[in-house]
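# Residue-level structural notes
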Amino acid sequence: MKDILSELEDRRDNARLGGGQKRIDAQHSRGKLTARERVELLLDEGSFEEFDMFVSHRCTDFGMEKQRPAGDGVVTGWGTINGRMVYVFSQDFTVFGGSLSETHAQKICKIMDMAVQNGAPVIGINDSGGARIQEGVASLAGYAEVFQRNIMASGVVPQISVIMGPCAGGAVYSPAMTDFIFMVKDTSYMFVTGPDVVKTVTNEVVTAEELGGASTHTKKSSVADGAFENDVEALAEVRRLVDFLPLNNREKPPVRPFFDEPDRLESSLDTLIPDNPNTPYDMKELITKVADEGDFYEIQEDFAKNIITGFIRLEGQTVGVVANQPMILAGCLDIDSSRKAARFVRFCDCFEIPILTVVDVPGFLPGTSQEYGGVIKHGAKLLFAYGEATVPKVTVITRKAYGGAYDVMASKHLRGDFNYAWPTAEIAVMGAKGATEIIHRADLGDAEKIVQHTQDYEDRFANPFVAAERGFIDEVIMPQSTRRRVSRAFASLRNKQLTNPWKKHDNIPL
Ligand code: HXC
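A brief report on the enclosed structure follows. (Residues numbered from 1 in each chain as written. Predicted model: local features only at pLDDT ≥ 70, side-chain atom pairs only at ≥ 80, totals over all residues. Heavy atoms only, no water.)

## Overview of the environment of V391
Within the fold, V391 resides in the loop between α14 (375-388) and β14 (393-402). On the accessibility criterion, V391 (0% relative accessible area) is buried. As a C-alpha pair, V391 and V345 span 46 residues in sequence and 9.8 Å in three-dimensional space. The contact partners of V391, leaving out residues within four places of it in the chain, are C348, D349, E352, I353, P354, I355, D417 and K496. (Helix = DSSP H or I, 4+ residues; strand = E, 2+ residues; numbered from the N terminus. Buried < 20%, exposed > 50% of the residue type's maximum accessible area, 1.4 Å probe, protein only. Contact = heavy atoms within 4.5 Å.)

## Focus: the packing of aromatic side chains
For the coordinates displayed, the defined rule picks out 12 aromatic pairs. Between Y189 and F191, the ring centres sit 5.0 Å apart and the planes meet at 15 degrees, which makes this aromatic pair stacked. By relative accessible area, Y189 is classed as partly exposed at 26%. A residue is classified by how much of its surface remains accessible, and F191, at 10% relative accessible area, is buried. Taken together, the aromatic side chains of F180, F244, Y297, F311, F344, F347 and F351 make up a single cluster linked through ring pairs. Positioned above the aromatic ring of F93, the side-chain terminus of K32 is 4.6 Å from the ring centre. (Phe/Tyr/Trp six-rings, centres within 6.5 Å; stacked < 30°, edge-to-face > 60°. Lys NZ or Arg CZ within 6 Å of the ring centre and 35° of its normal.)

## What about the site of the ligand?
Near the ligand you find 20 residues, and of these R23, R30, G97, G129 and A131 are the closest. A distance of 2.8 Å separates an oxygen atom of the ligand from a polar side-chain atom of R23. At a separation of 2.8 Å, an oxygen atom of the ligand approaches a polar backbone atom of A131. Protein chains bury 55% of the 1,000 Å² of accessible surface belonging to the ligand in isolation. Secondary-structure elements contributing two or more residues to the shell around the ligand are α5 (137-153) and β6 (166-168). Of all the elements, α5 adds the most residues to the shell around the ligand, at three residues. (Near = heavy atom within 4 Å. Polar contact = N/O pair within 3.5 Å; in protein donor to acceptor, adjacent residues only side chain to side chain. Areas by Shrake-Rupley, 256 points an atom, 1.4 Å probe, with all protein chains shown as cover.)

## Considering the environment of K381
Mapped onto the secondary structure, K381 falls in helix α14. Separated by 341 residues in sequence, K381 and E40 place their C-alpha atoms 39 Å apart. Setting aside anything within four residues of it in sequence, one finds K381 in contact with R339, A342, I508, P509 and L510. One polar contact links K381 to H378, side chain to side chain, over a distance of 2.9 Å.

## Points about the pairing of strand β7 (residues 180-184)
Most of β7 is tucked away, with five of its five residues classed as buried. Alternating residues of β7 divide into F180, F182 and V184 and I181 and M183, and every residue in both groups is buried. Of the strand pairs in this sheet, strand β5 (residues 159-163) and β7 are connected by four bridges, and their pairing is parallel. Within β7, the position partnered with V162 by the bridge is F182. Sheet analysis places β7 next to strand β9 (residues 226-228), joined by three bridges and oriented parallel. Bridge assignment links F182 to a residue of β9, and that residue is G226. (Pairing = 2+ DSSP bridges.)

## Comments concerning the pattern of salt bridges
This structure, assessed with the given rule, holds 32 salt bridges. The shortest N-O distance in the salt bridge between K110 and D52 comes to 2.8 Å. Pair noted here: K110 is in helix α4 (residues 102-118) and D52 is in the loop between β1 (49-51) and β2 (74-81), with a separation of 58 residues, a long-range link. Take K110: its relative accessible area is 37%, and that puts it in the partly exposed class. Note that D506 is salt-bridged to R346, the shortest N-O span being 3.6 Å. Of the two residues, D506 is situated in the segment after α19 (482-492) and R346 in helix α12 (residues 335-350); the sequence distance between them amounts to 160 residues. (Salt bridge = Lys/Arg side-chain N within 4 Å of Asp/Glu carboxyl O.)

What follows is the structure, given as structure tokens:
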């Protein structure tokens, strides 16, 4: 009996060594942690329960039958993050470069199936040379099995991908279909075809980092949602993110104890809006002053900075925030900001996270590059996302809400539940100068008259009261009371019930 017990321990020790000490050292020397070290850091101490530690591949080509390491290059199982259950897979680069074989894929699929069945998020740590070359189509089939599960799990349980090494070829499409992608600076990259193929096909000379590093994907392509300095920081941020999310689409977001008065007044907000309507101010100041304990978890911080997306808590409950940022491009909507915000709104809606929208938007960005790039279709994504969302929606207009962008940004007409405006709000078809130049074109030669017309237009529309008279704005509120107003609004909406008409699925303008 004792021998049998010690054999188990020996087998476990052997499996834990993955591809051996030499390859573990090589992993460390690149500033990367091993698959198991990452799981340990991600999960609560001692909470990890492993599956399939002894699974090995079945390939007999290219001498593979002589190398059958236990675990087959991926560590899978479940554990907890601050006591809440998650499933996890972590690819082990020390075993055949973390490449995905038929059995490696089966291990991932097993935990994904359990996650959907048992209602807990899936966190995938990617560090892989892609399809296991020795297995050919069996490994491609394995990828497709994972893809199909990503699709089925979408909107059912949150899926988070952490890229901590290579992720290339078709392999990138599994993370691409998850809700959030985090990357580690300098040690991770994602691309459909690597630098060598790029050179052959397009003659472009580019490094792996330039082509698909963390900076590229968080600043240029928006494929990734966050870039972090090292493995430890990235995993700590995943833990922070999970704390905001519900475990599945059948439950409400978590409510945490909070240590901040819901009716806290912020008198500094009364002077946030500058006297000159064209002077920018930092919308993040408002967000952090409204949030419980000033805690704001930003998503896609480095992309389309003219719109801000992320999570806060109000009275301990998660709220998704979408806010125009007047500091960048005057806070206008354009292709990138519409796409970014639309995806965020849809994430919130599928996981029952209420949405706070803060509006200071001069309109859509004009120009050929926007029109040729399809701003009509991309802008429509945000409009569609807000209009179909059934979660509680509270909107605060701080300053400009012009034109179509007024409609888009969670207006009353798109089923906004509470639509507030500060006294500084200006709700109109366009700014006074532009409006005057169109409706008083005949007077354009007379500077005095134009000044008067502009003033008249401002007096009539540069305020929230015309909209309030119609009930499009429920209440004009003091800026200092924003946290109290918004918290009470969301509290009153906790039992909101709204369903859209039955359909197979909608046809959002992709
Ligand atoms: C089998 C692989 C492998 C793979 C790496 N290894 N990739 N084994 N299948 N795909 C093995 C190596 O043989 C090596 O084994 C060990 O992993 C570490 O690899 P190195 O090359 O020494 O490491 P490094 O220099 O860091 O380079 C890492 C790498 C490179 C950039 C990932 O290995 C590489 O280019 N691999 C091939 C990538 C690739 O073309 N994959 C297929 C993509 S197509 P030893 O024993 O020496 O330690 C694809 C399609 C998916 O994935 C389709 C889905 C629909």
